[in-house]
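Analysis of the macromolecular model
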Amino acid sequence: MSKGSKNRKETAFMEAHLFESINESEMVKFCRDLVRIESVNPPGEERAIAEYMAAALTGFGLEAELLGHGPKRASLLARLRGSERGPGILFSGHLDTVPVGNGEWKHDPFSGEIAGGRIWGRGASDMKGGLAAIIGAAKAVSESRTPLRGDLIIAATAGEEVDSLGAETIATRRDIGPLRTILISEPSLNEIYVAEKGVLWIELATHGKTAHGSMPQLGRNAITMMVALIEELEKLKIPFKNHPLLGGFTRSVNTISGGMKTNVVPDHCVVTIDLRTVPGQNHQEILKQVEESITKLQKKIVGFRASVKVINDRLPIETSPEEPVVRKFMEIARDATGKRPILKGVSYYTDASVLVPAFKAPMIICGPGDPALAHRPDEYVEISKLVESAKIYALAALKLLQNPDSASHPDANAEDSGGRSANEGRPLDNRIP
Ligand SMILES: [Zn+2]
């Protein structure tokens, strides 16, 4: 038997046995355990859940390292080493959840109750289900003892719901990469998302002069200035081209504060605006337009003074559906689930906005949760989706790392091993294979 055909037979054998390592009751246990460890952000306190994941993964033969962000906060970096060198793959999920909120919960948010084929609780969907699937996949891949060309790397991050603190730390690690792909296990019901919108949050302040409310002519009213500024910005035409998966650019004035008392002319007013950008837009250009609006009002209104501050700035991210790793991942998802996945884009941002620019690798979002449930009461994950995700991830790790040449462009394991990045301003070709 030739070496090649022996290898192919071994591969088929290992794939056939891979899914046997993913058992439902164990997957349910991982997910329930994770839901029961509170990691609400703020304040974060992700250390306990990071430690749980580290213990589980080292138990399955991975190397794990906690990255501390203070006494109660940590992210996790874990690795299943390949037997040969080559570009790795990064599976990433966040450890924190949003708070429980004021809504009524039928199921205790930290109980991990099971009912109706679902695991209930805060984070079940966004995204402890995704983390459980990563653990299950890592176990299956490790137990398969398949020689891998490149490392399977796992980043479980703190702080995604607030400031991507964990992803920012992971992004500085030079021992990660080159990477074939970055898989984000955010909720997608196991569909495949290859584009996410960018974010530009700006804070605008107007600066006036206080005076007694009965003598407004002696002051300069910061609230009136802000009204003029908001009107000016609403009229502002910010150019963009509709994106086939993301749609268009949006903006919304979402907070306002100003004034002290009814009988005092306000000297200060602040608004924050949420702008969601699509590939092709330039955040600096948008800021320039905002600044020009301020200059225009300074010329028009006596004593007008305003300033602008950027409070969140993340570029839109896209991977071309034509990217070989996307095509390969579509096949893998179909093989693991028996269904053809749909390619989509999402209007929210993920840790990909930090990890993709850092590692210059194509990103894919795919996870068991339902994006419609994120941040809402009575969050849950379907157990069937959880098991399905673990199978997709395990097969992806095996196929992308075991036989890299079939999954990527020919030079993927040479100089260009980081893969081509999303977000290079290339037009998105939406011919889905
Ligand atoms: Zn999330």
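Just so it is clear, the model here is predicted, and its values are computed rather than measured. (Residues numbered from 1 in each chain as written. Predicted model: local features only at pLDDT ≥ 70, side-chain atom pairs only at ≥ 80, totals over all residues.)

Now for the overall build of the protein chain. Summing up its helical and strand segments, the protein chain has eleven helices and 16 strands in all. Relative to its full complement of 433 residues, the protein chain shows a buried share of 49%. Counting contacts in the protein chain only where the partners sit at least 6 residues apart, residues at least 24 apart contribute 82% of the total. (Helix = DSSP H or I, 4+ residues; strand = E, 2+ residues; numbered from the N terminus. Buried ≥ 20, exposed ≤ 12 C-beta atoms within 10 Å, placed from the backbone. Contact = placed C-beta atoms within 7 Å.)

Another point: the environment of Val227. Mapped onto the elements of the fold, Val227 is located in helix α6 (residues 222-235). Overall, the presence of 13 C-beta atoms within 10 Å leaves Val227 in the partly exposed class. Taking C-alpha positions, Val227 is 9.7 Å from Cys269, a pair spaced 42 residues apart along the chain.

The omega torsion of the bond from Asn41 to Pro42 falls at -5°, within 30 degrees of zero and hence cis. Assignment of secondary structure puts Pro42 in the loop between α2 (24-36) and α3 (47-59). Look at the link from Gly177 to Pro178: it is a cis peptide, with omega at 5°. Although it is not a glycine, Ser164 adopts a positive phi angle of roughly 55°. In this structure, His375 is a non-glycine residue whose phi angle is positive, near 70°. Inspection of the secondary structure puts His375 in the loop between β15 (363-365) and β16 (380-382).

Another aspect to go through is the nonpolar core. Counting residues in hydrophobic clusters, the biggest one holds 98 residues, and the most contacted among them are Met53, Ile182, Ala394 and Ala397. Two domains share this core, each providing at least three of its residues, namely domain 1 (3-196 + 316-407) and domain 2 (198-314). Setting aside anything within four residues of it in sequence, one finds Ile182 in contact with Leu90, Ser92, Ala352, Leu355, Val356, Phe359, Ala361 and Met363. By size, the runner-up hydrophobic cluster in this structure holds 15 residues, among which are Ala222, Met225, Met226 and Tyr349. (Core = buried A, V, L, I, M, F, W, Y, C linked by C-beta atoms within 7 Å. Domains from an automatic or database assignment.)

Moving on, we come to α2. Here α2 is 13 residues long and its end C-alpha atoms lie 18 Å apart, about the 18 Å a rise of 1.5 Å per residue gives. Summarising the contacts, the buried residues of α2 are in contact with α3, β5 (118-120), α4 (124-144), β16 and α10 (383-402). (Expected span 1.5 Å × (residues − 1).)

A few words now on the sheet that holds β5. Pairing is antiparallel across the open sheet formed by three strands, whose spatial order is β4-β5-β16. Strands at the two margins of the open sheet, each flanked by one partner only, are β4 (114-115) and β16. Inspection of the sheet shows β5 paired to β16 by three bridges, in the antiparallel sense. Looking at β16, one finds that Trp120 is bridged to Tyr380. Running at roughly 50° to β16, α4 makes contact with β5 and β16 of the sheet. (Pairing = 2+ DSSP bridges. Axes fitted to C-alpha atoms, helices over the stretch in contact; angles between N-to-C directions.)

Taken as a whole, the protein chain shows an average pLDDT of 91; of its residues, 90% reach a score of 70 or greater. Counting contacts from residues 404-433, a segment whose pLDDT is below 50, to residues more than four positions away or on other chains yields 75 contacts. (pLDDT = per-residue confidence, 0-100.)

In space, the four strands of this open sheet follow the order β10-β11-β9-β12, with antiparallel pairing throughout. Each edge of the open sheet is held by one strand with a lone partner, namely β10 (250-258) and β12 (306-314). Neighbour-to-neighbour, the strand axes of this sheet turn through a mean angle of 15°, independent of strand direction. For β10 and strand β11 (residues 268-277), the ladder comprises eight bridges, and the chain directions are antiparallel. Bridge pairing in β11 places Thr250 opposite Arg276.

If a strand is regular, its side chains alternate between the two faces of the sheet. Where strand β9 (residues 198-207) and β11 come together, ten bridges link them in antiparallel fashion. Along β11, the bridge assignment pairs Glu203 with Thr272.

Now for the pairing of strand β8 (residues 192-196). A large share of β8 lies buried, amounting to five of its five residues. Bridging between β8 and strand β14 (residues 343-346) involves four bridges; their strand directions are parallel. Counted as the bridge partner of Tyr193 is Lys344 from β14. Taken together, the two bridges between β8 and strand β13 (residues 317-318) define a ladder with antiparallel strand orientation. Bridge pairing in β13 links Ala195 to Glu318.

Quick look at the packing of α3 against α4 now. Two numbers describe a pair of packed helices, the interaxial angle and the distance between the axes. For the pair α3 and α4, the least separation of the axes is 9 Å and the interaxial angle reads 15°. Taken together, α3 and α4 sit at an angle that is classed as roughly parallel. Here α3 and α4 pass one another in a crossing that is right-handed. Contact residues: α3 offers Met53, Ala56 and Leu57, while α4 offers Leu131, Ile135 and Ala138. Its residues placed into classes, the contact of α3 with α4 shows six nonpolar, no polar and no charged. (Parallel < 35°, antiparallel > 145°, perpendicular 65-115°, else oblique. Left-handed = near helix turned anticlockwise from the far one by under 90°. Nonpolar A, V, L, I, M, F, W, Y, C, P; charged D, E, K, R; others polar.)

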